[in-house]
Amino acid sequence: MKRKGIFKTLLAFVLATATAFTAAACGREGDESEKTSINESKTQLHVRYYQGGAGRNWLDNIVAKFEAAYANKSFEDGKTGVQIVPDYDKSGFSDSDVKSSFNEVFMGEINYYKFVSSGAMLDITDVVRGNATEGPEKSESKTIESKMRPDQQNFYYIGEEGSKKYYGLPAYETSMNLNYNVSVFENKNLYFAEGTDGLTETWDEAKLKSKDVEELFVKSKNAKKSKGPDGVADTYDDGLPATYNDFQALLTCMVRRAVVPFIWNATSTDYLTGLANEMWANNEGYEQMMLNMSFSGTAKNLIEMDANGKMVMENGAPKLRGETKITPAKAYELHSQKGLYDAVRFVKMMMGTTEETNPARGNNYFYKESFSMEYKTAQDYFINGNDKGKTNGQDIAMIVEGTWWESEARDKFSSDDDRKSDERKYAILPLPKATYAEVGKGNTKISERNTVAFINNNCASNIIPVAKEFLKFIYSDSAMNDFSMDTDMLFAMNYKLEDDTLAAMSHYGRSVYEVTRAKNTDMMEWNPTSDDAKKRTDLLEWSSYGFSLSSGLTNPYLYYNEETTRNKTALEYFEGIYGNSKESWPIK
């Protein structure tokens with residue numbers, strides 16, 4: 001059967017099953033819903049929420065506001081008001097779980113196309129194309145769809161032309177980052193000084209690892225700083241490393257000043273791959289990186305590879321091809337993007353070693369237990385390690401974590417006021433550019449985890465109206481501001497944070513908003529955008545797509561941590577990635 005026929009069959013199945021399920025009332029032992037005292041005078045709405053890093057406080061607050069706003073609204077004869085019955089925990093759910101569940105509204109990380117094709121999700125096109133609400137008589141003037149980016153609309157609006165539908169909405173936005181401790185940077189004078197922009201461009205590796213780097217950095221907390229990677233003075237990235245050479249100089253300076261550059265966790269080592277993907281996207285830029293989401297277009301930044309899969313060099317640098325047409329059958333060529341090679345180079349730099357041994361890190365740049373620590377412990381060490389005497393008196397400068405990390409680590413602060421105090425300053429480190437010639441170019445960031453809000457196709461017909469009203473309420477600007485105020489995160493939608501919201505957020509939360517919504521930043525979701533790519537979502541698994549080898553190894557940091565491969569060059573690894581992609585590419 002041709003692929004187009006398969007896609008039509010898939011959508012026919014979705015539409016045919018859209019109303020095929022009836023309401024179920026089964027529960028599971030331990031559900032919070034079983035602990036809720038039911039108010040029979042109200043309509044119940046059962047909500048299943050994956051309680052991950054964002055926690056549940058924000059949703060509890062929105063639930064309370066929704067119940068208050070709809071206290072006098074009747075959705076069923078003989079009943080007035082709505083009672084939300086929560087089912088919140090940190091276990092995921094499958095499409096079959098949804099179809100057999102009594103819960104009507106779901107929010108969690110899912111495979112959107114799989115859930116749609118199985119008939120687990122209700123058509124909510126009218127919700128998405130309607131206005132968000134703050135109550136029965138209070139609607140916004142704009143549609144929820146208008147708050148979505150074009151790539152989001154492309155992904156979530158599916159079906160054959162003339163019968164496309166929305167079945168879900170993107171929930172909170174996530175990106176993987178190098179998050180830095182602003183206080184450590186300030187107290188240890190780790191910012192580049194004014195006038196040092198571009199100074200390291202001609203420095204060789206030996207000089208970048210020598211005491212010469214000391215001349216690059218400020219001498220006091222209030223000294224003027226360099227322009228940073230955006231190339232503009234008096235912006236949020238002033239004093240931060242603008243280029244790869246700057247970043248190596250920073251690592252050297254940290255080691256000399258008894259600072260451990262990095263910490264991460266071994267519970268979720270795919271965080272590291274997520275960071276490598278960020279580097280790839282940031283090097284390529286939005287337009288070129290999005291070719292990987294469509295498997296088609298014109299590639300402008302491919303490295304020329306010879307018949308044996310070896311990189312062709314020209315004047316000591318990778319030789320770039322001319323413009324190259326990308327088709328689904330040739331999309332493996334995107335694994336020769338220069339941005340991918342530069343991402344591998346950056347990983348290699350982070351995994352480098354230093355001659356100066358430190359009890360907290362050995363002779364590596366990362367904290368010595370990083371590849372054996374659980375994620376909550378890594379967060380605690382980053383926040384409190386030095387204060388609690390856990391890191392041999394060493395401060396830790398950066399942690400590889402998602403935008404949810406600070407909200408997830410609430411219990412590692414003495415209080416929420418402590419987390420949001422001026423003494424607790426953390427921020428996203430904008431990734432440096434490969435060379436000084438690229439400084440000033442825009443940034444591209446990825447939201448790679450598909451956290452989706454949807455309504456169970458199993459929802460009873462008399463409950464569908466209240467379920468839809470609940471989604472409309474959550475996607476109001478007011479509710480999304482409440483979410484950001486509590487979690488220091490963002491919903492994956494276009495909305496403005498109000499002044500009182502920003503004032504109530506932590507320094508890190510304001511940094512998330514500042515960096516991801518900056519004029520020079522493009523946000524992209526790691527989702528297929530073409531029919532061909534949507535049919536092969538298995539190829540686009542974000543944790544393995546970009547850095548896989550024939551050995552099955554998919555994590556670039558683990559690659560450089562393995563004894564047998566840690567001494568491999570970035571070039572050798574990159575050629576291995578390209579060769580594996582070309583050899584194993586299944587689209588013919």
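The structure under discussion appears in the preceding block.
Rules and cut-offs
- Residues numbered from 1 in each chain as written.
- Predicted model: local features only at pLDDT ≥ 70, side-chain atom pairs only at ≥ 80, totals over all residues.
- Heavy atoms only, no water.
- Pairing = 2+ DSSP bridges.
- Helix = DSSP H or I, 4+ residues; strand = E, 2+ residues; numbered from the N terminus.
- Buried < 20%, exposed > 50% of the residue type's maximum accessible area, 1.4 Å probe, protein only.
- Contact = heavy atoms within 4.5 Å.
- Polar contact = N/O pair within 3.5 Å; in protein donor to acceptor, adjacent residues only side chain to side chain.
- 1 Å grid on protein atoms, 1.4 Å probe; cavity = no way out; pocket = protein on both sides within 12 Å on 5 of 7 lines; lining within 4 Å.
- Points joined across faces, edges and corners; volume = space filled by probe spheres on them.
- Nonpolar A, V, L, I, M, F, W, Y, C, P; charged D, E, K, R; others polar.
- Axes fitted to C-alpha atoms, helices over the stretch in contact; angles between N-to-C directions.
- Parallel < 35°, antiparallel > 145°, perpendicular 65-115°, else oblique.

With that out of the way, let us pick up the pairing of strand 4 (residues 131-135). Pairing analysis gives three bridges linking strand 4 to strand 5 (residues 138-143), with the strands arranged antiparallel. In the sheet register, Asn131 faces strand 5, and the bridge partner there is Thr143. Joining the antiparallel neighbours strand 4 and strand 5 is a turn of two residues.

This next bit is on unusual backbone geometry. Generally, phi is negative for residues other than glycine and the peptide bonds are trans, each holding for most cases. Despite not being glycine, Asn189 has its phi angle at roughly 55 degrees, a positive value. Its identity is not glycine, yet Phe295 carries a phi of approximately 60 degrees, on the positive side. Structurally, the position occupied by Phe295 is in the loop between helix 12 (291-294) and strand 11 (297-299). The exposure class assigned to Phe295 is buried, which follows from its relative accessible area of 0%.

With respect to the helices and strands, Ser370 occurs in the loop between strand 16 (362-364) and helix 14 (375-384). When its relative accessible area of 0% is taken as the criterion, Ser370 is described as buried. Along the chain, Ser370 and Phe262 lie 108 residues apart, while their C-alpha atoms are 8.5 Å from each other. Each residue touching Ser370, except ones within four places of it in the same chain, is listed here: Phe262, Ile263, Trp264, Asn265 and Ala266. Of note is the side chain of Ser370, whose polar atom sits 3.4 Å from the backbone nitrogen of Trp264. Within the structure, Ser370 has its side chain in polar contact with the backbone oxygen of Tyr367 (distance 2.9 Å).

Attention now goes to the pairing of strand 17 (residues 395-402). Here strand 17 lies mainly inside the structure; seven of its eight residues are buried. Bridge analysis of strand 9 (residues 176-181) against strand 17 gives five bridges, and the strand direction is antiparallel. Bridged to Asn177 within strand 17 is Glu401. In this sheet, strand 17 lies alongside strand 10 (residues 259-263) in parallel orientation, the contact comprising four bridges.

What follows deals with the layout of surface pockets. Looking at the largest pocket, its volume works out to about 730 Å³. Every residue lining the largest pocket is counted, 25 residues in all, and those nearest its centre are Glu205, Tyr244, Asn245, Arg345 and Met349. Every element with two or more residues in the lining of the largest pocket is listed here: helix 8 (205-208), helix 9 (244-256), strand 13 (317-318) and helix 13 (338-350). With six residues, the top contributor of residues to the lining of the largest pocket is helix 13. Tallied by class, the residues present in the lining of the largest pocket amount to eleven nonpolar, six polar and eight charged. When its volume is computed, the second largest pocket comes out at roughly 630 Å³. Lining the second largest pocket are 28 residues, and of these Glu109, Glu448, Arg449, Asn450 and Trp542 sit closest to its centre. The residue inventory of the lining of the second largest pocket, partitioned by class, reads 13 nonpolar, eight polar and seven charged.

With that settled, the discussion passes to empty space enclosed by the protein. By the definition in use, this model includes four cavities of 30 Å³ or more. Volume-wise, the largest cavity comes out at about 80 Å³. Lining the largest cavity we find Asn177, Glu278, Asn282, Ile428, Leu429, Pro430, Leu431, Asn443, Thr444, Lys445 and Val515. Elements represented by at least two residues in the lining of the largest cavity include exactly helix 10 (270-284) and strand 19 (443-447).

Right, let's talk about the packing of helix 9 against helix 13 for a bit. Helix-helix packing: each pair is described by the crossing angle between the helix axes and the interaxial distance. Interhelical geometry of helix 9 versus helix 13 gives an angle of 10 degrees and a closest axis separation of 11 Å. If you check the angle between helix 9 and helix 13, you find them roughly parallel. Listed contacts from helix 13 to Tyr244, Phe247, Gln248 and Leu251 of helix 9 are Asp342, Ala343, Arg345, Phe346, Met349 and Met350. Along the lines of polarity and charge, the residues of the contact of helix 9 with helix 13 split into seven nonpolar, one polar and two charged.

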